[in-house]
Amino acid sequence: MVNNNLSLEKNINKLKQDKNVVILAHYYQTDDIQDIADFVGDSLDLSKKAASTDADVILFCGVKFMAEVAKILNPTKKVLVPDLNAGCSLEESCPADKFAQFVKSENSVVVSYINCSADIKALSDIIVTSSNAEKIIKSIPAEKEIIFAPDKNLGNYLIKKTGRKMKLWNGSCIVHEQFSYKSLVKLKERHQDALIIAHPECPENLLDSADFIGSTSRLLSFVEQNKGRDFIVLTESGIIHQMKKLSKNSNFYVVPAIKEDISCVNCSNCPHMKLNTMEKIYEVLTEENNEITLSDNLRIRAKKPLSRMLELS
Ligand code: 13P
Ligand code: SF4
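Quick caveat: nothing in here was measured; it's all calculated off a predicted structure.

Draft legend 1. Layout of the packing of aromatic side chains. Tallied over the full model, the rule gives six aromatic pairs. Centroid distance Phe212 to Phe222: 4.4 Å. Interplanar angle 5°. Geometry classified as stacked. Residue Phe212 is found in strand E10 (residues 212-213), and its partner Phe222 is found in helix H12 (residues 216-225); the two are separated by 10 residues along the sequence. On the basis of relative accessible area, Phe222 is assigned to the buried category, the value being 13%. The ring of Phe39 carries Lys49 above its face, with NZ or CZ at 4.9 Å from the centroid. Positioned above the aromatic ring of Phe102, the side-chain terminus of Lys167 is 4.4 Å from the ring centre.

Take a look at the structure:
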């Protein structure tokens, strides 16, 4: 039962202390969740935090594949999520049976973006995030063929950046794939001095217009380095919360999805990330339900390519 004398936030903090919980949150979470978290980060930083925490319980506020990574890297911890339905369109686009066929007869290095299921990780040689993908792909010997899954947009971007040939899985992110090029052009006409910053999950025509491309943490560093400038943002709108903290006088313009109006503010929300709420966090900390479980066999196989990633990052 919620102690009504305390606010939701205080109740969460009390449960956190009583149960020795660490709350990890991705930049795409709502502002209140980011503010209550012990650590906010991109996929790579969150993986590192999950691997090194000595808390008894990890409450992962992001999407399910991220919480699975926490469990794979720190299996003795209890890993909870506010909502077990928080999936990812990239993960959904890549079923394990079809992927096993795709990689079967190939003598290639299988590089998978961290936005995939534990089953796909177990079929991969190495995992990457958008923060380390370029560096890791460049470290693969030139004579080796590369298969990259599941994001074709990130894959195409990496082909351009590294000059490496890669066979790509045909997946994409429903959020980044939908940004409207027409709206981007209109916004740039209205705000000619604004810098366009984009996540590499965006399609090529959008990336070609960007002044800077990077993972969520790199986009934040770029904003910090360009304090006071205005920005047109081609990624999920949750990140604006941290951007505003880094550059208080900047304006941030979010590019709407194709079907939305140019003045829409919440239309670049990830429907999976936004399933998490403060109420659900309170509930899961009370009940300790929504636990991430993986068989030992799958966990051990999925850990190998993740450990390779951490070694090379
Ligand atoms: P980052 O690793 O850049 O935080 O990206 C995660 C993600 O899901 C982007 O859609
Ligand atoms: Fe997946 Fe896209 Fe949501 Fe990121 S923004 S979690 S890639 S659906």
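Draft legend 2. Here's a closer look at the site of ligand 1. Taken together, His26, Tyr28, Asp42, Ser43, Tyr113, Asn115, Ser130, His176, His199, Glu201, Ser215 and Thr216 make up all the residues around ligand 1. Ser130 has a polar side-chain atom sitting 3.0 Å from an oxygen atom of ligand 1. A distance of 2.6 Å separates an oxygen atom of ligand 1 from a polar side-chain atom of Thr216. For the shell around ligand 1, the per-class residue count stands at two nonpolar, eight polar and two charged.

Draft legend 3. Helix H15 (residues 296-312), seen in detail. Between its first and last C-alpha, H15 extends 24 Å over 17 residues, near the 24 Å set by a 1.5 Å rise per residue. The largest bend in H15 is about 30°, located at Lys304, with the proline Pro305 one to four residues further on. Within H15, burial applies to Leu298, Arg299, Ala302, Pro305, Leu306 and Met309.

Draft legend 4. Inspection of the site of ligand 2 at higher detail. In the vicinity of ligand 2, the residues found are Tyr28, Val63, Cys88, Ser89, Leu90, Asn115, Cys173, Val175, Glu201, Cys270 and Met273. For the shell around ligand 2, the class distribution of residues is eight nonpolar, two polar and one charged.

Draft legend 5. Seen up close, the sheet that holds strand E1 (residues 21-26). Strand order in the open sheet made by the four strands is E2-E1-E3-E4, with parallel pairing throughout. Of all the strands in the sheet, just strand E2 (39-41) and strand E4 (78-80) have a single pairing partner and so form its edges. In this sheet, adjacent strand axes meet at a mean angle of 20° when their direction is disregarded.

Draft legend 6. Region of the structure containing the nonpolar core. Ranked by internal contacts, the top residues of the largest apolar core, which has 65 residues, are Phe60, Val111, Phe148 and Leu234. In this view, Phe60 contacts Leu24, Leu46, Met66, Ala67, Ala70, Leu80, Val81 and Pro82; residues no more than four positions away in its chain are not counted. One finds Val57, Leu195, Ile281 and Leu285 within the second-largest nonpolar core, a separate group that totals 32 residues.

Draft legend 7. The arrangement of the sheet that holds strand E7 (residues 146-149) in detail. Read across the sheet, four strands follow the order E6-E5-E7-E8 without closing on themselves; strand pairing throughout is parallel. For this open sheet the edge positions go to strand E6 (126-128) and strand E8 (166-168), each flanked by a neighbour on one side alone. Between one strand axis and the next, the sheet turns by 30° as a mean value, whatever way the strands run. Pairing between strand E5 (residues 109-113) and E6: three bridges, direction parallel. Within E6, the residue paired with Tyr113 across the bridge is Val128. Packed onto the sheet, helix H9 (residues 152-162) meets E5, E7 and E8 and runs at close to 165° relative to E8.

Draft legend 8. Local environment of the pairing of strand E9 (residues 195-198). Going residue by residue along E9, you find Leu195 and Ile197 tucked away on one face and Ile196 and Ala198 tucked away on the opposite face as well. In this sheet, E10 lies alongside E9 in parallel orientation, the contact comprising two bridges. By the bridge assignment, Ile197 is partnered in E10 with Phe212.

About the cut-offs
- Residues numbered from 1 in each chain as written.
- Chains lettered and ligands numbered in written order.
- Predicted model: local features only at pLDDT ≥ 70, side-chain atom pairs only at ≥ 80, totals over all residues.
- Heavy atoms only, no water.
- Phe/Tyr/Trp six-rings, centres within 6.5 Å; stacked < 30°, edge-to-face > 60°.
- Helix = DSSP H or I, 4+ residues; strand = E, 2+ residues; numbered from the N terminus.
- Buried < 20%, exposed > 50% of the residue type's maximum accessible area, 1.4 Å probe, protein only.
- Lys NZ or Arg CZ within 6 Å of the ring centre and 35° of its normal.
- Near = heavy atom within 4 Å.
- Polar contact = N/O pair within 3.5 Å; in protein donor to acceptor, adjacent residues only side chain to side chain.
- Nonpolar A, V, L, I, M, F, W, Y, C, P; charged D, E, K, R; others polar.
- Expected span 1.5 Å × (residues − 1).
- Bend = angle between axes of the 7 residues up to and from the residue.
- Pairing = 2+ DSSP bridges.
- Axes fitted to C-alpha atoms, helices over the stretch in contact; angles between N-to-C directions.
- Core = buried A, V, L, I, M, F, W, Y, C linked by side-chain atoms within 4.5 Å.
- Contact = heavy atoms within 4.5 Å.

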